[in-house]
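Read off the chains here:
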Amino acid sequence: MAVDSVLSSPLGPPACEKDAKALQFIEETTRNADAVQEAMLADIMSRNAETEYLKRHCLGGATDRDTFKSKIPVITYEDLQLEIQRIANGDRSAILSAYPISEFLTSSGTSAGERKLMPTIQEELDRRQLLYSLLMPVMNLYVPGLDKGKGLYFLFVKSETKTPGGLLARPVLTSYYKSEHFKSRPYDPYMVYTSPNETILCPDSFQSMYSQMLCGLYERHHVLRLGAVFASGLLRAIRFLQLHYRLLAADIAAGTLNSKITDPSVRDCLTQILRPDPDLADFVTSECSNENWAGIITRIWPNTKYLDVIVTGAMAQYIPTLDFYSGGLPLACTMYASSECYFGLNLNPMCKPAEVSYTIMPNMAYFEFLPHEPAPSGSTREPTPKLVDLVDVEVGKEYELVITTYAGLYRYRVGDILRVTGFHNSAPQFHFVRRKNVLLSIDSDKTDESELQRAVENASRLLREHASVVEYTSFADTKTIPGHYVIYWELMTAGNSPPGDSVLSQCCLAMEESLNSVYRQCRVADNSIGALEIRVVKGGTFEELMDYAISRGASINQYKVPRCVNFTPIVELLDSRVVSAHFSPALPHWTPERRR
C-alpha cells in the first residue's frame with residue numbers, strides 16, 4: 001500500500017497501514033498522558049482494592065490520586081520481602097494483587113546477594129507485547145527497506161526454577177520468549193529473524209549461540225540489522241565467532257551439523273536449512289583467520305544498516321569496541337524496560353548513544369518521580385521531597401523512577417536515576433543516567449557507576465596508541481592499610497605492542513584525577529585511601545567471569561558485567577588472571593572547596 005494512502009503521523013510518514021495505527025496510538029497516548037495515568041491508577045486501585053496490602057493502608061476503596069498519595073508509602077524491595085516470600089512459598093491469597101501471580105521475574109539486581117523476585121500477572125505479557133509492537137513502526141521512519149531482509153539477533157533463554165510454592169522464577173526475557181506471544185507471533189515482514197525459534201529456545205548457551213551464528217552466516221546477504229539485548233551480548237557473539245569459526249565453516253562446507261549440537265529440536269530445524277556451500281565456508285575462514293578484525297561485522301554481513309543493542313548506562317563503555325568491529329555502524333537503543341515493568345521507547349532510535357532519550361508510555365504503569373537531590377550540608381539523612389507526577393517533571397532535572405503496577409508494586413522505587421530531556425506531546429522523555437547505588441567506598445568516599453565509567457574513559461584515552469579497554473570491573477581492597485581502589489582491565493592491543501608500566505601508571509593517576517573531591521581529599525589530605533591500582537588481566541577473563549555467573553544461575557540475556565566485585569571466588573578468579581599490576585605514581589590534585 002502506498003505511504004500516502006495511509007493515515008499520516010506527526011512522527012513521520014508510516015511505512016504501511018499497520019505502522020500508521022501504531023504511530024497514531026503513540027500520538028494519542030502521549031498527547032493525553034495525564035488522563036491515561038489517572039485512569040490507570042484508578043483502575044489498578046479499583047481492581048486491587050481487596051488485596052491485603054491495600055487494605056492494610058486503609059484506603060477504604062478510594063481510587064483517587066490524593067488518597068493514594070496520602071496513604072500509600074514509597075517503598076523498596078526490602079519492604080516487600082515478607083509478602084513476596086509468602087507468595088513464593090505458596091500463599092495464593094490476594095496479598096499484593098487481586099489477580100493470581102503467574103510467575104516471578106528475576107531481576108538482575110540483587111538484595112542481600114540474592115536475585116530479586118518480581119511478581120507478575122498474565123496480563124502483563126499483553127502490555128509488554130504492546131510496547132514491542134511499537135518499536136519497528138518507529139524504526140521504519142528512520143531506516144527504510146527493513147522488510148526486504150532479516151534481523152540477526154542473538155537471543156537466549158535461561159532454564160527457569162521454581163519457588164517452594166511451585167511458581168516459575170525466570171528472567172523477564174525468558175518469560176517472553178517462551179510465551180505464545182513470541183512463539184506464535186504472526187508473520188511480519190519487518191520482524192523476520194534469521195534464528196528459528198528452536199535455536200532461541202534451546203537452553204544450552206553453546207548450542208543456542210552456535211546454531212544462531214550458523215543461521216546468520218548462511219543468511220549473511222539478507223541480514224539488515226544485528227542485535228542482542230545488551231552491547232555485551234553482541235560482543236560475546238563476535239568473540240564466539242573468533243573462537244569457533246573453523247567448526248562453523250566445516251559445517252557450512254559439508255552441509256552437516258556438528259555433533260556438539262545435540263538438542264533434537266535444533267537439529268531438526270537446522271537440517272532444513274543446512275546445505276553444502278564451499279564458497280561461503282572459504283569466505284568465512286578467510287575473513288575470520290585474518291588477524292585484523294576491524295569492521296568484521298560489515299565484512300561478513302555487508303548489508304547491515306545498524307546494530308540494535310542497549311548502549312546506555314554501564315553499557316556505554318562498549319561503544320568503542322562495537323565501533324571497531326562494525327566500522328562505525330549506527331547504534332540503536334530502542335526501548336527502556338526492566339523486570340519490574342516496561343517503561344517506554346526511543347522515538348529517535350538512530351540518534352547518537354549519548355543523546356538517547358526514552359519516551360515514557362503512560363499506559364505501561366502508574367509513574368511517579370522522586371526528585372534526585374543531594375542531602376543538605378551536614379545532614380546524614382536522605383531528603384524526602386514530594387513525588388512528582390509523570391507530566392509534571394521538569395526538563396534538566398534528575399529523578400528516581402517510582403512505579404505502581406497491576407501486579408502489586410505500589411510506589412516502588414526502581415532505583416533508576418533519569419534526567420528529563422524534553423517532552424513528546426505531554427509525555428516526558430528521559431535520559432538514563434545510572435542505577436542509584438554506590439560502587440566503591442573505602443572511607444567517607446562514595447563512587448558510583450557513572451563516575452567510575454567516566455574515570456575509565458578519561459584514563460583509556462592515554463592508551464589510544466597502544467590498546468583499548470575491552471572490559472573492566474573494580475574492587476575495594478581493604479586488606480591493605482590504607483585501603484585502595486583496584487580496577488581490573490582487559491585490554492585489546494589490535495596487533496600493537498602492549499602499553500608499558502609508565503603508561504598504565506599514568507592511567508591510574510588519570511582515573512584518580514577524574515574521581516570526586518571527597519575521594520581526592522581522602523587521598524591527599526586524610527591519607528585514608530591508598531594509590532589506585534590497575535590490574536591488567538589476560539584476554540578472555542571477563543568471558544570466564546560471565547560463564548561463572550551463568551553457572552550460578554545468572555541469565556545470559558540479562559547478564560551485565562558487575563562494575564564492582566566483592567564475592568571472594570570472583571575476586572580470586574580475576575586475581576588468578578592478572579598479568580601486570582600498576583599504581584598511581586603521584587597524588588591527584590586537590591584543594592579545599594570554598595564555601596558560599
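What you see is a predicted model, and the numbers here were worked out from it, not measured in a lab. (Residues numbered from 1 in each chain as written. Predicted model: local features only at pLDDT ≥ 70, side-chain atom pairs only at ≥ 80, totals over all residues. Heavy atoms only, no water.)

> Would you mind going over the sheet that holds strand 6 (residues 223-230) with me for this structure?
Backbone-to-backbone hydrogen bonds join strands into a sheet, with any given pair of strands oriented parallel or antiparallel. Strand order in the open sheet formed by four strands is 3-6-7-8, with parallel pairing between adjacent strands. Either end of the sheet is taken by a strand with one partner, and the two such strands are strand 3 (150-154) and strand 8 (331-332). Two strands pair when backbone bridges link them, and strand 6 and strand 7 (residues 306-310) are joined in this way by four bridges, in the parallel orientation. Pairing of Gly227 across the sheet is with Asp308, part of strand 7. (Pairing = 2+ DSSP bridges. Helix = DSSP H or I, 4+ residues; strand = E, 2+ residues; numbered from the N terminus.)

> How should I be thinking about the pattern of salt bridges in this particular structure?
In a structure, side chains of opposite charge can pair up when their charged atoms sit close to one another. Applying the stated criterion across every chain yields a total of 33 salt bridges. When the shortest N-O distance is used, the salt bridge between Asp34 and Arg65 registers 2.9 Å. Here Arg65 lies in helix 4 (residues 65-71) and Asp34 lies in helix 2 (residues 33-47), a separation of 31 residues in the sequence. Asp34 sits in the partly exposed class, given a relative accessible area of 29%. A residue is classified by how much of its surface remains accessible, and Arg65, at 15% relative accessible area, is buried. Residues Arg413 and Glu400 are paired through a salt bridge, measuring 2.6 Å at the closest nitrogen-oxygen approach. Of this pair, Arg413 sits in strand 15 (residues 412-424) while Glu400 sits in strand 14 (residues 398-404); the two residues are 13 residues apart in sequence, bridging distant segments of the chain. Several salt bridges share partner residues, and in doing so they unite Asp43, Arg47, Glu123, Glu124 and Arg127 into one network. (Salt bridge = Lys/Arg side-chain N within 4 Å of Asp/Glu carboxyl O. Buried < 20%, exposed > 50% of the residue type's maximum accessible area, 1.4 Å probe, protein only.)

> Any chance you could explain the pairing of strand 17 (residues 468-477) here in plain terms?
Moving residue by residue along a regular strand, the side chains alternate between the two faces of the sheet. Most of strand 17 is tucked away, with eight of its 10 residues classed as buried. Bridge count between strand 17 and strand 18 (residues 484-492): nine bridges; the pairing is antiparallel. Of the residues in strand 18, the one forming a bridge with Val469 is Leu491.

Interpretation note: all reported values are geometric properties and have no functional meaning in isolation.
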